[in-house]
Amino acid sequence: AGNYGGRQSAAYRQAARDVLDACREHFTESGVADASMFAWPVRGQVSPQAYARHVQLAGLVRSAAPDMPILSTLPPSAPPLSGWTTPEEMPALADMYAPSGQWLDPSPPATPRTRGQAATWLSPGTPPYVPALGVHARAADVRALPWLVLKYDLRGLFIPEILNWARPRAGAQAAIATLFYRHGDKALPSVRLKMLRRGLEDVAALNVLAQRGRQGD
């Protein structure tokens, strides 16, 4: 931001538009449909500063690409008892919500489903709030994640950067990032990934039963 005169400058806003245009052009040339694209302005820990930064950067995205869905991995509302204030602009600047499981309140829908992926997604978090997905997770825990998506009528599972080996990870993010293991120039699936697939197959079977007017036993 310092190279462009600060985040409030016209040069910085133009640079953000240029980045978005370049990304859209790249994915279009790669054959990726626009419906698969979204902006993820802010990553990291939940904090008042993260909310403020999301509002600022998501505002740039909205002005540069009004039709592009915006992802927030912050809770739709500031956590109770935190003393934080949720920015008034937040509802208009987030279409997809995927906070870590310990921050998720699945009872009210975060946003109407008006923009492709727009809705609330389940992102792995910290037990006991949601099942684990790290290297020490039990098979049944991993398989249960898609069941929670079905139970709470969420849009789907959001698991970020599981194939990113370029940057070292630590803690929970490192555990999640090892759903695949690197073997030369190939990616080998973990047992947890296979259990996750079985959970998805469970949900797919239940959806077929529901469409046919039957219930799973």
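Below: a short report on this structure. (Residues numbered from 1 in each chain as written. Predicted model: local features only at pLDDT ≥ 70, side-chain atom pairs only at ≥ 80, totals over all residues. Heavy atoms only, no water.)

Some thoughts on the pairing of strand β5 (residues 186-189)
Rules: Each pair of strands is called paired provided DSSP finds at least two bridges between the two strands. For helices the rule is a DSSP run of H or I covering at least 4 residues; for strands it is a run of E covering at least 2, with both sets numbered from the N terminus onward.
In this structure, strand β4 (residues 180-183) lies alongside β5, joined through four bridges in antiparallel fashion. When the bridges of β5 are listed, Y181 appears paired with L188. Where β4 folds back onto β5 in an antiparallel hairpin, the turn is made up of two residues, including G184, whose phi is positive at roughly 65 degrees.

Side note on the environment of T28
Applied cut-off: A simple rule labels every residue: compare its accessible area, found with a 1.4 Å probe on the protein chains alone, to the largest value its type can have, and call it buried under 20%, exposed over 50%, or partly exposed in between. Polar contacts here mean pairs of N or O atoms no more than 3.5 Å apart (in protein, one a potential hydrogen donor and the other a potential acceptor; neighbouring residues in sequence count only if both atoms are side-chain atoms).
Following the sequence through the fold, T28 ends up in helix α1 (residues 10-29). Residue classification places T28 among the partly exposed residues on the basis of a relative accessible area of 47%. In this structure the side chain of T28 is engaged in a polar contact, spanning 2.7 Å, whose partner is the backbone oxygen of R24.

Points about the sheet that holds strand β3 (residues 119-120)
The strand order across the open sheet formed by three strands is β1-β2-β3, and the pairing between neighbours is parallel. Edge strands, defined here as strands with exactly one partner in the open sheet, are β1 (71-72) and β3. In this structure, β1 lies alongside strand β2 (residues 96-97), joined through two bridges in parallel fashion. If you follow L71 over to β2, its bridge partner there is M96.

Regarding the packing of α1 against helix α2 (residues 48-64)
Note the cut-off: Axis definition: a line fit to C-alpha positions, over the contact stretch in the case of helices; interaxial angles, taken between N-to-C directions, run 0 to 180 degrees. In this scheme the handedness of a crossing depends on how the near helix is turned from the far one: anticlockwise by less than a right angle means left-handed, clockwise means right-handed. Working rule for contacts: check all heavy atoms of both residues, and any pair within 4.5 Å makes them a contact. Residue polarity follows a fixed list, in which Ala, Val, Leu, Ile, Met, Phe, Trp, Tyr, Cys and Pro are nonpolar, Asp, Glu, Lys and Arg are charged, and the others, Gly among them, are polar.
Taken N-terminus to C-terminus, the directions of α1 and α2 make an angle of 65 degrees; their axes are 9 Å apart at the nearest point. Considering how the two elements wind past one another, α1 and α2 form a crossing that is right-handed. Residue-level inspection shows Y12, R13, A16, R17 and L20 of α1 in contact with α2, the latter providing L57, L60, V61, S63 and A64. Partitioned by chemical class, the residues of the contact of α1 with α2 number seven nonpolar, one polar and two charged.

Quick notes on the nonpolar core
Put simply, the rule is: In this text, buried Ala, Val, Leu, Ile, Met, Phe, Trp, Tyr and Cys residues form a nonpolar core when linked through side-chain atoms within 4.5 Å.
If you look at the biggest cluster of nonpolar residues, it comprises 21 residues, and the most contacted ones within it are L20, Y51, L57, V61, M68, L74 and M90. Ranked by residue count, the leading element in this core is α2, at seven residues. Those residues in contact with L57 that lie beyond four places of it in its chain are Y12, P41 and V42. Core analysis: the next-biggest nonpolar cluster, separate from the first, contains 17 residues, A137, L145, L179 and M195 among them.

Let's talk about the pattern of salt bridges
Here is the rule: A pair is scored as a salt bridge if a Lys or Arg side-chain nitrogen falls within 4 Å of a carboxyl oxygen belonging to Asp or Glu.
Inspection of the entire model under this criterion finds four salt bridges. Residue R62 is joined to D95 by a salt bridge in which the shortest nitrogen-to-oxygen separation is 3.1 Å. In this pair, R62 sits in helix α2 while D95 sits in the loop between β1 and β2, placing the two residues 33 residues apart along the sequence. A relative accessible area of 15% means that R62 is categorised as buried. The buried category is assigned to D95, whose relative accessible area is 8%. Here R138 makes a salt bridge to D141, at a shortest N to O gap of 3.4 Å.

Quick notes on helix α3 (residues 139-151)
The following threshold applies: Helices are assigned an expected span. That span is 1.5 Å times one less than the residue count. For a residue, the bend is simply the angle between two axes, fitted respectively to the seven-residue segment ending there and the seven-residue segment starting there.
Here α3 is 13 residues long and its end C-alpha atoms lie 19 Å apart, about the 18 Å a rise of 1.5 Å per residue gives. Taking the largest bend as the criterion, α3 deviates by roughly 30 degrees, centred on L145, and proline P146 comes between one and four positions later. Of the residues making up α3, those classed as buried are V142, L145, P146, L148 and V149. Among the structural elements, α5 (191-211) are those in contact with the buried residues of α3.

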